[in-house]
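This is what each chain is made of:
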Amino acid sequence: MSAPHSNAHVLTCPTRWSDVDENGHINNARLVSYVQEGIYDLFCHHKVAVRESLFPSGFLIARHEIDYLEQLHHQPEPLLVRLTVEQLGRSSAHVVVNVCRDPLTYMRARTVVVARDRESGRSRKLSQSERRFLSAFVPGEAPFEPLASAPSQRVPVKASRGPLPGSAHRARRRCRASAR
């Protein structure tokens, strides 16, 4: 189930006992599946994406960059899979995904999601509506307001594509969940 947060898309996701590996924590591959579930929820189940029939041919994952920050153990409290858009390209969105359980962030991923062309199976240019929709998830941008003829918004491109902010190991990571 999705929960609204300021300029972020948040999916509430439970852990399952079957996600636990022989080391007693949630397996790293399962953590990646939480990222995938969050991306799928944003691009395919968000009420605006559904209502406006965005991404009709789906999308492709072009890249994952992952930092595992803390060991995650199975608990009854669900995880927050929080997605923001870091940058928009011609055909792609660079999505930052934080997997949290307040107050800790267990995993941070930067994923490049590319709009797909059904006929060729290759990337295609983001539509004006898709660009406007994704721009709403850029931190600091105005909230999304669906407008039939709104002009395309340009999102600034970051000069540096270095490691994720704060990727150096620290003893404990704080979950930066925004409250409304």
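Keep in mind that this is a model prediction, so the values were computed, not measured.

### Regarding the overall build of the chain
If you tally the helices and strands in the chain, you get three helices and six strands. Reading the chain from its N terminus to its C terminus gives the helix and strand order β-β-α-α-β-β-β-β-α. Buried positions account for 48% of the 180 residues belonging to the chain. For the chain, restricting intrachain contacts to residue pairs at least 6 apart in sequence, the fraction spanning at least 24 positions comes to 66%. About 9,800 Å² of surface is accessible on the chain, with carbon and sulfur atoms providing 52% of the total.

### Details of the nonpolar core
Grouped burial of nonpolar side chains is what soluble globular proteins tend to show. If you look at the biggest cluster of nonpolar residues, it comprises 37 residues, and the most contacted ones within it are Tyr 34, Ile 39, Phe 43, Val 97, Phe 133 and Leu 134. Only β2 (8-13), α1 (28-45), α2 (47-51), β4 (79-88), β5 (92-101), β6 (104-115) and α3 (128-135) provide two or more residues apiece to this core. By residue number, the principal contributor to this core is α1, which donates seven residues. Beyond its immediate sequence surroundings of up to four residues, Phe 43 is in contact with Ala 49, Phe 55, Phe 59, Ala 93, Val 95, Val 113 and Leu 134.

### So, the confidence of the model for the chain
Across the chain, the average pLDDT comes to 81, with 74% of residues at 70 or higher. Segment residues 146-174: pLDDT under 50, and 50 contacts once partners within four positions in sequence are set aside and those in other chains are kept. When the criterion is pLDDT under 50, residues 176-180 qualifies, and its contacts beyond four places in sequence or with other chains add up to 13 contacts.

### Some points on the pattern of salt bridges
Tallied over the entire structure, the rule returns eight salt bridges. In this structure, Glu 52 and Arg 132 form a salt bridge, with 3.8 Å as the shortest nitrogen-oxygen distance. Note that Glu 52 is positioned in the loop between α2 and β3 (59-68) and Arg 132 in helix α3, a separation of 80 residues in sequence. According to the relative accessible area criterion, Glu 52 is partly exposed, its value standing at 25%. What makes Arg 132 buried here is its relative accessible area of 7%. A salt bridge links Glu 65 to Arg 63; its shortest N-O distance comes to 3.1 Å. Taken together, the shared-partner salt bridges in this structure form one network comprising Arg 16, Asp 19, Arg 30 and Glu 37.

### Quick look at the packing of aromatic side chains
Tallying each qualifying case throughout the model produces four aromatic pairs. Measuring from centroid to centroid gives 4.7 Å for Phe 43 and Phe 55, while their planes differ by 55 degrees, and the two rings are tilted. Residue Phe 43 is found in helix α1, and its partner Phe 55 is found in the loop between α2 and β3; the two are separated by 12 residues along the sequence. You'll find Phe 43 and Phe 55 in the same group, each marked buried. Between the aromatic rings of Phe 133 and Phe 137, the centroid separation amounts to 5.3 Å while the plane-to-plane angle is 75 degrees, which identifies the pairing as edge-to-face. Taken as a pair, Phe 133 and Phe 137 share a single burial class, namely buried.

### Examining the pairing of β6
In terms of burial, β6 is largely enclosed, as 12 of its 12 residues are buried. With nine bridges connecting them, β3 and β6 associate as antiparallel partners. Looking across to β6, one finds that Glu 65 is bridged to Arg 110. Note that β5 and β6 share 10 bridges and pair antiparallel. Residue pairing across strands places Asn 98 opposite Arg 108, the latter belonging to β6. Linking β5 to β6, which pair antiparallel, is a turn of two residues.

Reading the values: the criteria
Residues numbered from 1 in each chain as written. Predicted model: local features only at pLDDT ≥ 70, side-chain atom pairs only at ≥ 80, totals over all residues. Heavy atoms only, no water. Helix = DSSP H or I, 4+ residues; strand = E, 2+ residues; numbered from the N terminus. Buried < 20%, exposed > 50% of the residue type's maximum accessible area, 1.4 Å probe, protein only. Contact = heavy atoms within 4.5 Å. Areas by Shrake-Rupley, 256 points an atom, 1.4 Å probe, with all protein chains shown as cover. Core = buried A, V, L, I, M, F, W, Y, C linked by side-chain atoms within 4.5 Å. pLDDT = per-residue confidence, 0-100. Salt bridge = Lys/Arg side-chain N within 4 Å of Asp/Glu carboxyl O. Phe/Tyr/Trp six-rings, centres within 6.5 Å; stacked < 30°, edge-to-face > 60°. Pairing = 2+ DSSP bridges.

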